[in-house]
Amino acid sequence: MNELSQGQVRYLNQHKKHKRIVRFSRAAILLGFLFLWEFTANVGIIDSFIFSSPSKIALCFWGMVMDRSIFLHVGVTLFETLTSFALVILFSLLAAILLWFSERLSEILDPYLVVLNSLPKSALAPLLIVWLGANRTTIIVAGMSVAIFGSILNLYASFMTVDPDKLTLIYTLHGNRFHALTKVVIPSCVPAIISTMKVNIGLCLVGVVIGEFIGGREGLGYMIIYGSQVFKLDWLLMSICILCLIAMALYALIGSIEKWYLRRF
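Thresholds, definitions, all that
Per chain, the residues get numbers from 1 upward, laid out in the order the sequence is written. Note on the predicted model: pLDDT of at least 70 is required for a residue's local features to be given, and 80 or more for side-chain atom pairs to be given and counted; whole-chain, interface and lining totals, by contrast, use all residues. Side-chain descriptors were evaluated using all non-hydrogen atoms of the structure, hydrogens and water having been removed beforehand. The patches reported here contain residues having more than 30% relative accessible area and no salt bridge. Joining distances are 9 Å for like charges and 5 Å for nonpolar side chains (Val, Leu, Ile, Met, Phe, Trp, Tyr). Residue exposure ignores everything except the shown protein chains as possible cover, and the areas themselves are Shrake-Rupley values with a 1.4 Å probe. Salt bridges are counted wherever a side-chain nitrogen of Lys or Arg sits within 4 Å of a carboxyl oxygen of Asp or Glu. Within this scheme the basic residues Lys and Arg register as positive and the acidic residues Asp and Glu register as negative, but His and the chain ends are omitted. Positions of charges follow a simple convention, taking NZ of Lys, CZ of Arg, CG of Asp or CD of Glu. Helix numbers and strand numbers start at the N terminus; a helix is a DSSP run of H or I with at least 4 residues, a strand a run of E with at least 2. Think of a nonpolar core as a cluster: buried Ala, Val, Leu, Ile, Met, Phe, Trp, Tyr and Cys residues, connected wherever their side-chain atoms sit within 4.5 Å. Each residue is placed in one exposure class: buried if its accessible area under a 1.4 Å probe, protein chains only, is under 20% of its type's maximum, exposed if it is over 50%, and partly exposed if it falls in between. Any pair of residues with heavy atoms lying within 4.5 Å of one another is described as a contacting pair.

Draft legend 1. Spatial organisation of a positive patch on the surface. On the surface, a cluster of positive charge is made up of K16, K17, K19, R20, R23, R26, K259 and R263. Secondary-structure elements contributing two or more residues to the positive patch are α1 (6–43) and α11 (233–264). For the positive patch, the element with the most residues is α1, which contributes 6 residues. The topology assignment puts K259 in helix α11.

Draft legend 2. Summary view of the nonpolar core. In terms of nonpolar packing, the biggest core is built from 53 residues, with I70, V185 and M238 touching the most fellow members. Those elements that provide at least two residues to this core are α3 (54–66), α4 (69–101), α7 (136–160), α8 (164–172), α9 (177–215), α10 (220–229) and α11. Sorting elements by how many residues they give to this core places α9 first, with 13 residues. Not counting residues within four places of it along the chain, the set of residues in contact with M238 comprises I57, C60, F61, M64, I70 and M223.

Draft legend 3. Up close: a nonpolar patch on the surface. Together, L30, L31, F33 and L34 make up a nonpolar patch on the protein surface, roughly 390 Å² of accessible area in all. Position of L30 relative to the elements: it lies in helix α1.

Draft legend 4. Expanded view of the pattern of salt bridges. This structure, assessed with the given rule, holds 3 salt bridges. In this structure, the salt-bridge partner of R136 is E80, at a minimum N-O distance of 3.6 Å. Taken together, the positions of R136 in helix α7 and E80 in helix α4 put the pair 56 residues apart, joining distant regions of the chain. Of the residues examined, R136 reaches a relative accessible area of 37% and is grouped as partly exposed. Assessed through its relative accessible area of 2%, E80 is described here as buried. The partner of E258 in a salt bridge is K198, with the nearest N and O atoms 2.9 Å apart. Residue E258 is located in helix α11, and its partner K198 is located in helix α9; the two are separated by 60 residues in the primary sequence. Assessed through its relative accessible area of 18%, K198 is described here as buried. Several salt bridges share partner residues, and in doing so they unite E80, R136 and E218 into one network.

Okay, here's the thing in structure tokens:
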């Protein structure tokens, strides 16, 4: 191996120092916020009944861990989110492929997809409750409704930006539309598909929580709305904190898949 030059060593050291500073700053901001929140709640600057405090939230979480009720609610929300996410990826891929195969169909459906994507999805949730009833299927559909139309549009746009020279080569070698899809379009769009997944996982979580607000009897969304109704604000804030952690974990999982793909291929 060639030895690194002094400039390269200096650059690598600066890069490592920069990453350490970023990590330290992130941790300092979080710890500072938690300390300020706890301090102001304890001395009475803010009302601890309304705003709670980190220590109360931690005690509430530990109490629900001991009686195992928190695992039910977290498990329900995770199941609904992952199910809606998987269905969104499946149906949006199939729809984008169908639109790519039929240019006329894409021209016909494009304005409808744009309108549906722009529609506030929280407005659909009460209608879904009336149509499907207050059950888990409705919540999963609500999670799908937030992400699926934007996912279809993004994937179709990615399919249409594939290098036309590569498609011409496939057709020159007597390949058909299916060969172009499987040999060029989908392999070229894998990074775009993964990027869309990173967005969709958060949107599905938002949709599921909206569904649980209206029709849930379990899950973190149900805990948030129930906590606000009976003034169990420790439940509410604890559920929000857990949702933040779930969102971070799911996003990091998709990010790890993306890094693995980029290293492998």
